[in-house]
Amino acid sequence: LLYEKDLSHQKVLISGFSYKQWTQNFTKLKKYLIQKFLKLKNNKKSLLFVADIEKNNFISGPYIGTDLDYYKNTREIVKYLCENNVNKNVFLKLYPTNRYMQNYDFDDLKIKYKNLNIIRNIDFRFIREFFDEIYLSSYQSTLGWAISSSKPIYLIEREVAPINLSGLIREEISCNIK
């Protein structure tokens, strides 16, 4: 194994959010087009829960949880949001890819909760500016897009995917998630 002790000749790179993430042009037009795309016929406030992704046999790091955790937690979070926001449009944003031959799209929850809408086949970054509140349970790339939306963001910490939020917790909710 070869390695070099003196690394002073190497460049240091600093990364952050791209300018494109922060630019918000044609906001009113985008909101109008997104509302048409979502087939939303009312002007109620709208909130979005961006769900995690199914794992299947995909290898991921620790503290990701299983597909059963994903299923149970997503159902519990949607239940909480729908029951506590009955006068708002609640959107469940599923990941726009397939890890299974047949995806479970939580359609049974749409029957139970009349204020629930489910989105899968569009990327979050294209619709983020439409929503009044954004809820996440993942701190990966989606967090950067949510932050750049300039909307209130609520990060839901799950037992199977702990996040070090010491000092940042504003409110704890009573929700049965693992």
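Residues numbered from 1 in each chain as written. Predicted model: local features only at pLDDT ≥ 70, side-chain atom pairs only at ≥ 80, totals over all residues. Heavy atoms only, no water.

1. Regarding the sheet that holds strand E1 (residues 46–50)
Here is step 1 of the chain: With parallel pairing, the five strands of this open sheet are ordered in space as E3-E2-E1-E4-E5. Two strands bound the open sheet, and with one partner strand each, they are strand E3 (116–119) and strand E5 (153–155). The mean angle between the axes of side-by-side strands here comes to 20 degrees, regardless of whether they run parallel or antiparallel.
Here is step 2 of the chain: Pairing geometry for strand E2 (residues 89–93) and E3, over four bridges, is parallel. The partner of Phe91 across the bridge, within E3, is Asn117.
Here is step 3 of the chain: The sheet contacts of helix H3 (residues 67–84) involve E1, E2, E3 and strand E4 (133–136), and relative to E1 the element is tilted by about 170 degrees. (Pairing = 2+ DSSP bridges. Helix = DSSP H or I, 4+ residues; strand = E, 2+ residues; numbered from the N terminus. Axes fitted to C-alpha atoms, helices over the stretch in contact; angles between N-to-C directions. Contact = heavy atoms within 4.5 Å.)

2. Side note on the confidence of the model for the chain
Here is step 1 of the chain: For the chain, the mean per-residue pLDDT works out to 79, and 71% of the residues sit at or above 70.
Here is step 2 of the chain: Across the chain, element-level confidence peaks in E2 with a mean pLDDT of 95 and bottoms out in helix H1 (residues 19–22) with 55. (pLDDT = per-residue confidence, 0-100.)

3. As for a nonpolar patch on the surface
Here is step 1 of the chain: Together, Phe26, Leu29, Tyr32 and Leu33 line one region of the surface with nonpolar side chains, adding up to about 470 Å² of accessible area.
Here is step 2 of the chain: Locating Phe26 in the fold gives a position in the loop between H1 and helix H2 (27–37).
Here is step 3 of the chain: A relative accessible area of 66% means that Phe26 is categorised as exposed. (Patch = residues over 30% accessible without salt bridge, like charges linked within 9 Å, V, L, I, M, F, W, Y side chains within 5 Å. Areas by Shrake-Rupley, 256 points an atom, 1.4 Å probe, with all protein chains shown as cover. Salt bridge = Lys/Arg side-chain N within 4 Å of Asp/Glu carboxyl O. Buried < 20%, exposed > 50% of the residue type's maximum accessible area, 1.4 Å probe, protein only.)

4. So, the nonpolar core
Here is step 1 of the chain: Grouped together as the largest cluster of nonpolar side chains are 17 residues, with contacts concentrated most on Phe49, Val78, Leu81, Leu92 and Leu116.
Here is step 2 of the chain: Top element by residues in this core is H3. It accounts for five residues.
Here is step 3 of the chain: Sequence-distant contacts of Val78, that is, excluding residues within four places in its chain, are made with Phe49, Leu92, Leu109 and Leu116.
Here is step 4 of the chain: Judged by nonpolar contacts, the second largest core, of 15 residues, contains Leu48, Ile122, Ile134 and Ala146. (Core = buried A, V, L, I, M, F, W, Y, C linked by side-chain atoms within 4.5 Å.)

5. A word on H3
Here is step 1 of the chain: The first and last C-alpha atoms of H3 sit 26 Å apart over 18 residues, in line with the 26 Å expected at 1.5 Å per residue.
Here is step 2 of the chain: On the buried face of H3, the contacting elements are E1, E2, helix H4 (107–112), E3 and E4. (Expected span 1.5 Å × (residues − 1).)

6. Considerations on the environment of Lys93
Here is step 1 of the chain: Locating Lys93 in the fold gives a position in strand E2.
Here is step 2 of the chain: Lys93 gets classed as buried once you look at its relative accessible area, which sits at 2%.
Here is step 3 of the chain: Note: C-alpha distance between Lys93 and Leu136 (43 residues apart in sequence) is 9.9 Å.
Here is step 4 of the chain: Ignoring anything within four residues of it in the chain, the contact list for Lys93 reads Leu48, Phe49, Val50, Ala51, Ile119, Arg120, Ile122, Asp123, Phe124 and Ile127.
Here is step 5 of the chain: A polar atom in the side chain of Lys93 sits 2.8 Å from the backbone oxygen of Ile122. (Polar contact = N/O pair within 3.5 Å; in protein donor to acceptor, adjacent residues only side chain to side chain.)

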